[in-house]
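Summary of structural features
The primary structure of each chain is shown beneath.
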Amino acid sequence: MSQYVIRQEREGGFFFIRDEGRAVELDDAGYQLLVDLHRVNGRRDDGLRRRLEHEAAACGQERLLGILRQQGLNQPAGWSDVRHVPSDVPLHELPERAAAAPKRIYFEITRGCNLSCRLCFNNSHNRLRGELTFDELVDVNRQAQALGVFEIRYTGGECTTVPGFAALVKDARARGLYVSIGTNAVYSDEQLEWLPYCGVDWFIISLDGDQAAHDQMRGHGTFDRVLQSLAVLASNRTIRIRLNMTVTRYNVSKIEAVAKVAADFGVGSLNLIPLRPYGRAARSALPLLFDGSGYYTYVKEVRRLRLLFPDVEFITAMDIEDLVANTSRDRLVQKKETCAAGMEACVIGPLGHVFGCSYSPASFPAQASSEEKSLFIAGDIRTELLRSIWRDDTRWGVFRDLKTSKNEKCMRCGHYKVRCTGSCQIMSYYEKQQAREVADGVAELKHFHDPYCPKEAFETQRAALVQVPSCGGLGIS
């Protein structure tokens, strides 16, 4: 199993540190330095290695050399764990707007689930007819390795219920892939005997509030089962854990309870996901979605909790109240201009469809219209190679052609590419579909904005406060 991957991009490359699940961006000089060091350390040529390192330090690569020293790669022996993935085509044939290969694959290996959550975005519970076989799942691992994919995230449904799941994880790890799972963590006692030791590097666990709120959303007794699983997983210090919380206008006050669970169990991060009106949620989502004032309250609450729980990393989307000026707290995807969908990551569905985002109509190919299939489904892993699907920019226009899909206001906003990745194309599509007065085909996605835009929410709130001042002033902090 390779512990490190050097991957070439259209410009520069990435250095992936597997044990940390982290990718370091390289400029052209940094990429060439690692390629040269990989070559000379294979020959055990200490003199040439020292000369290369000296030249690199003189050319501004001291930070990269420091990372190599931290990883023990200042000695030739360590380089036996390094894999180099150069481009297999001329660089100009790599995607123009996206990474050379997905950094992360969200692999929905089943729709089968041991729960039937009220707000499930993809209606998981029963397996679909014709889901990928175990051999086909392993072949995705193989293709991912060949492309130089860094991380594979098994999701569902509940991925841990798939027969042979432990063997699938073992195969992925043997190929040097970083393995994460999206899971409800409602495990049987038998599962808890092997899951913490099967090779999963990172557990992303759903928790939607305190006991009452979570059980209402996911079923009686599920909260206690999640805490039982957390206790077992947290005892294995090699495992990384994150909590995911679906946030609605009615459970904002419960974020603190989830943050406390994270702090109590030593969980490193809490990812807050505003409810999206898809799947099972579409039937009851409208009363639960944030309006401008509610979203403003939510973001302010996150800012308060960041100070209250300094050891928990709070992760949000489009958060212009974030004290740190960045567009991504992810160790892998950078989100420089937009979210990772179709740019740095992709989804493979349980029937083999390849698409950008699980929230898109591509999650339901049997119900998707011809327009939706054309917009959101890039290909089928059963009939094409992932390499061919990913490298064809024309299949990913809604995610890669930001001039036509990103809201025009975002391009002019001072927060864009600083603390915010701009409007979500899927939410913009949802807004477009709701605009019944707009003739089909007349308006483009760029004319619609994500209703969760924090700037819009803040401006609406400030306008309201100006109109109705309180004795304490505007009350904006």
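Being a predicted model, the structure only gives us computed values, none of them experimental.

Here is what the cut-offs are and how they apply
Residues numbered from 1 in each chain as written. Predicted model: local features only at pLDDT ≥ 70, side-chain atom pairs only at ≥ 80, totals over all residues. Heavy atoms only, no water. Helix = DSSP H or I, 4+ residues; strand = E, 2+ residues; numbered from the N terminus. Rg over C-alpha atoms; globule rule 2.2 N^0.38 Å. Buried < 20%, exposed > 50% of the residue type's maximum accessible area, 1.4 Å probe, protein only. Contact = heavy atoms within 4.5 Å. Areas by Shrake-Rupley, 256 points an atom, 1.4 Å probe, with all protein chains shown as cover. Lys, Arg positive; Asp, Glu negative; His and termini not counted. Charge placed at Lys NZ, Arg CZ, Asp CG, Glu CD. Axes fitted to C-alpha atoms, helices over the stretch in contact; angles between N-to-C directions. Parallel < 35°, antiparallel > 145°, perpendicular 65-115°, else oblique. Left-handed = near helix turned anticlockwise from the far one by under 90°. Nonpolar A, V, L, I, M, F, W, Y, C, P; charged D, E, K, R; others polar. Core = buried A, V, L, I, M, F, W, Y, C linked by side-chain atoms within 4.5 Å. pLDDT = per-residue confidence, 0-100. Patch = residues over 30% accessible without salt bridge, like charges linked within 9 Å, V, L, I, M, F, W, Y side chains within 5 Å. Salt bridge = Lys/Arg side-chain N within 4 Å of Asp/Glu carboxyl O. Pairing = 2+ DSSP bridges. Disulfide = S-S within 2.5 Å.

The helix and strand tally for the protein chain stands at 17 helices and 14 strands. Against the compact-globule benchmark of 23 Å for 477 residues, the protein chain has a radius of gyration of 23 Å, which places it among compact chains. Taken over the C-alpha atoms alone, the protein chain extends approximately 75 × 50 × 50 Å along its principal axes. By the burial criterion, 56% of the 477 residues in the protein chain qualify as buried. Considering only contacts in the protein chain between residues 6 or more positions apart, those separated by 24 or more positions represent 68%. Carbon and sulfur atoms make up 50% of the accessible area of the protein chain, which amounts to about 20,700 Å² in all. The centroid of the 61 positive side-chain charges in the protein chain is displaced by 1 Å from the centroid of its 60 negative side-chain charges.

Remark: helix 4 (residues 134-147) packs on helix 5 (residues 165-174), axes separated minimally by 9 Å, with the N-to-C direction vectors making an angle of 20°. Looking at the two axes, helix 4 sits roughly parallel to helix 5. Helix-helix and strand crossings are classified by hand; for helix 4 and helix 5 the assignment is right-handed. For the pair helix 4 and helix 5, contact is made by Phe-134, Leu-137, Val-138 and Asn-141 and by Ala-167, Leu-168, Asp-171 and Ala-172, respectively. Among the residues forming the contact of helix 4 with helix 5, the class breakdown is six nonpolar, one polar and one charged.

Once that is clear, we can look at the nonpolar core. Counting 97 residues, the largest nonpolar core has Phe-107, Tyr-154, Leu-243, Leu-270 and Tyr-298 as the members making the most contacts within it. In contact with Tyr-298, not counting residues within four places along its chain, are Val-247, Val-252, Ile-255, Leu-272, Pro-274, Phe-290 and Thr-316. Formed by 22 residues, the second largest nonpolar core is a distinct cluster that contains Phe-15, Val-24, Leu-64 and Trp-79.

Confidence in the prediction for the protein chain averages 89 pLDDT; 92% of positions are at 70 or higher. This stretch, residues 465-477, has a pLDDT under 50; its non-local contacts, to residues over four places away or in other chains, come to nine contacts.

Both trends apply: most residues other than glycine have a negative phi, and most peptide bonds are in trans. The amide bond that connects Gly-156 to the next residue, Gly-157, takes the cis arrangement and shows omega of 15°. Relative to the assigned elements, Gly-157 resides in the loop between strand 6 (151-155) and helix 5. Phi is positive for Asn-123, close to 60°, though the residue is something other than glycine. Tracing the backbone shows Asn-123 in the loop between strand 5 (104-108) and helix 4. Unusually for a residue other than glycine, Ala-185 sits at a positive phi of about 60°. Structurally, Ala-185 is set in the loop between strand 7 (178-183) and helix 6 (189-194). We classify Ala-185 as buried; its relative accessible area is 0%.

The next point concerns a nonpolar patch on the surface. A contiguous nonpolar patch, built from Leu-307, Leu-323 and Val-324 and spanning about 310 Å² of accessible area, is present on the exposed surface. Here Leu-307 shows up in helix 10 (residues 292-308).

In spatial order, the strands read 11-10-9-8-7-6-5-12-13-14; together these ten strands make up an open sheet with mixed pairing. Both edges of this open sheet fall to strand 11 (313-315) and strand 14 (377-380), since each of them pairs with a single strand only. Averaged over all adjacent pairs, the angle separating strand axes in this sheet is 20°, with direction ignored. Pairing geometry for strand 12 (residues 345-348) and strand 13 (residues 353-355), over two bridges, is antiparallel. Note that in strand 13 the partner of Val-347 across the bridge is Phe-355.

Enumeration according to the criterion identifies zero disulfides in this entry. In this model Cys-339 remains outside any disulfide bridge; the closest cysteine sulfur is found in Cys-424, 6.3 Å from its own. With a relative accessible area of 29%, Cys-339 lands in the partly exposed category. Distance from the sulfur of Cys-424, which forms no disulfide, to the nearest cysteine sulfur (Cys-357) is 6.0 Å.

Burial in helix 7 (residues 211-218) covers these residues: Ala-213, His-214, Asp-215, Met-217 and Arg-218. In this structure, the buried side of helix 7 is in contact with strand 8 (202-206) and helix 8 (222-234). Gly-219 sits one or two positions beyond helix 7 and adopts a positive phi of about 120°.

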